[in-house]
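Chain by chain, the residues:
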Amino acid sequence: MSETIKVGVLGSNGKVGQAIVAAVSDADDLTYTVGVDRGDALTSFVDAGTEVVVDFTHPDVVMDNLKFLIDNGIHAVVGTTGFTEERLEQVRTWLGDQPRSGVLIAPNFAIGAVLSMRFAQQAARFYESVEVIELHHPHKADAPSGTAFRTAQLIADAREDAGLGPSPDATTSELEGARGATVGGVHVHSVRLAGLIAHQEVLLGTSGETLTIRHDSMDRASFAPGVLLGVRQIATRPGLTVGLDDFLDL
Ligand SMILES: NC(=O)C1=CN([C@@H]2O[C@H](COP(=O)(O)OP(=O)(O)OC[C@H]3O[C@@H](n4cnc5c(N)ncnc54)[C@H](OP(=O)(O)O)[C@@H]3O)[C@@H](O)[C@H]2O)C=CC1
Ligand SMILES: O=C(O)C1=N[C@H](C(=O)O)C[C@H](O)C1
């Protein structure tokens, strides 16, 4: 019998955590060790011989979780949002020059969401105007979403590389928030609505045409294939990887 990868889940009682526990348990090449949720001891991952931990918890607790995993040489696949550049730098520092473990942090593990970010990045230089609208369930803690934040950053960088200035906008008077938040100068609008899961539109426009790049997660199972891909490859990629693109050879 071949060896399986021993996988634990942080936030195992949560909405996404439950979908990941089910996916790991169903996979023949993975063994589900233990789930840890609020109030449980992180040491149970070590006690169970866990090799890879998947984290879908909360931006307020994910850094402490990562410190523990890195200190204990456990690989981490992280979907929890809230990663600023400062946080990523802290993770790199914890990993050090010769990292024992791999850490993958991705704002979205749905394959279509990863592709749509890439498509938006590619399209950005061709359009005068761009805005991002993300739409989520009303239980979401952070706005804008991690995906929208990263999408806007990628678009802003592509526009800068192409020598494009800000999108045209004649607004001189506005109710606070009416034009959304800005990330790298790109306007991002957040909708919270019962019935939704996770959705995003990137609207691009120029003279006489618009392009809309839309992705919809209608079920949290959509995050599982990307997470399992990360789980299977993370041991071969020591250090920090941000985004699933490299794992998909994009
Ligand atoms: N990258 C991606 O593809 C995706 C990322 N996400 C992100 O994942 C995160 C979780 O989302 P979601 O599942 O919807 O959220 P939930 O609130 O449904 O789940 C989070 C779980 O983590 C638990 N938790 C809180 N604190 C701790 C702790 N210190 N240790 C262990 N568990 C803890 C929560 O417990 P309690 O309820 O008691 O607080 C809850 O059970 C969010 O940041 C979200 O944005 C979501 C979907 C996809
Ligand atoms: O909280 C969610 O639900 C989601 N969070 C991630 C984000 O903030 O981008 C990924 C996905 O949008 C679902």
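These notes cover the structure that comes with them.

Criteria and cut-off values
Residues numbered from 1 in each chain as written. Chains lettered and ligands numbered in written order. Predicted model: local features only at pLDDT ≥ 70, side-chain atom pairs only at ≥ 80, totals over all residues. Heavy atoms only, no water. Phe/Tyr/Trp six-rings, centres within 6.5 Å; stacked < 30°, edge-to-face > 60°. Lys NZ or Arg CZ within 6 Å of the ring centre and 35° of its normal. Salt bridge = Lys/Arg side-chain N within 4 Å of Asp/Glu carboxyl O. Helix = DSSP H or I, 4+ residues; strand = E, 2+ residues; numbered from the N terminus. Buried < 20%, exposed > 50% of the residue type's maximum accessible area, 1.4 Å probe, protein only. Pairing = 2+ DSSP bridges. Axes fitted to C-alpha atoms, helices over the stretch in contact; angles between N-to-C directions.

Concerning the packing of aromatic side chains
Each aromatic ring pair is characterised by the separation of its centres together with the angle its planes make.
Item 1. Under the definition given, this model contains 1 aromatic pair.
Item 2. Cation over ring: Arg237 sits above Phe247, and NZ or CZ is 4.2 Å from the ring centre.

A closer look at the pattern of salt bridges
Item 1. Under the counting rule described, the total for this entry stands at 11 salt bridges.
Item 2. As a salt-bridge pair, Arg92 and Glu89 come within 3.0 Å of each other at their nearest N and O atoms. Residue Arg92 and its partner Glu89 are located together in helix 4 (residues 85-95), separated by 3 residues, close to a single helical turn.
Item 3. In this structure, Glu201 and Arg214 form a salt bridge, with 2.8 Å as the shortest nitrogen-oxygen distance. Pair noted here: Glu201 is in strand 9 (residues 198-206) and Arg214 is in strand 10 (residues 209-217), with a separation of 13 residues, a long-range link.
Item 4. Classification of Arg214 as partly exposed rests on a relative accessible area of 42%.
Item 5. Salt bridges sharing common partners tie together Glu85, Glu89 and Arg92.

Side note on the sheet that holds strand 2 (residues 30-36)
Item 1. The strand order across the open sheet formed by 6 strands is 2-1-3-4-5-11, and the pairing between neighbours is parallel. Edge positions in the sheet fall to strand 2 and strand 11 (239-242), since each of these pairs with one other strand and no more. Taken over all neighbouring pairs, the strand axes of this sheet differ in orientation by 20° on average, direction set aside.
Item 2. The pairing of strand 3 (residues 52-55) with strand 4 (residues 75-78) spans 4 bridges and is classified as parallel. Directly across from Asp55, in strand 4, lies its bridge partner Val78.

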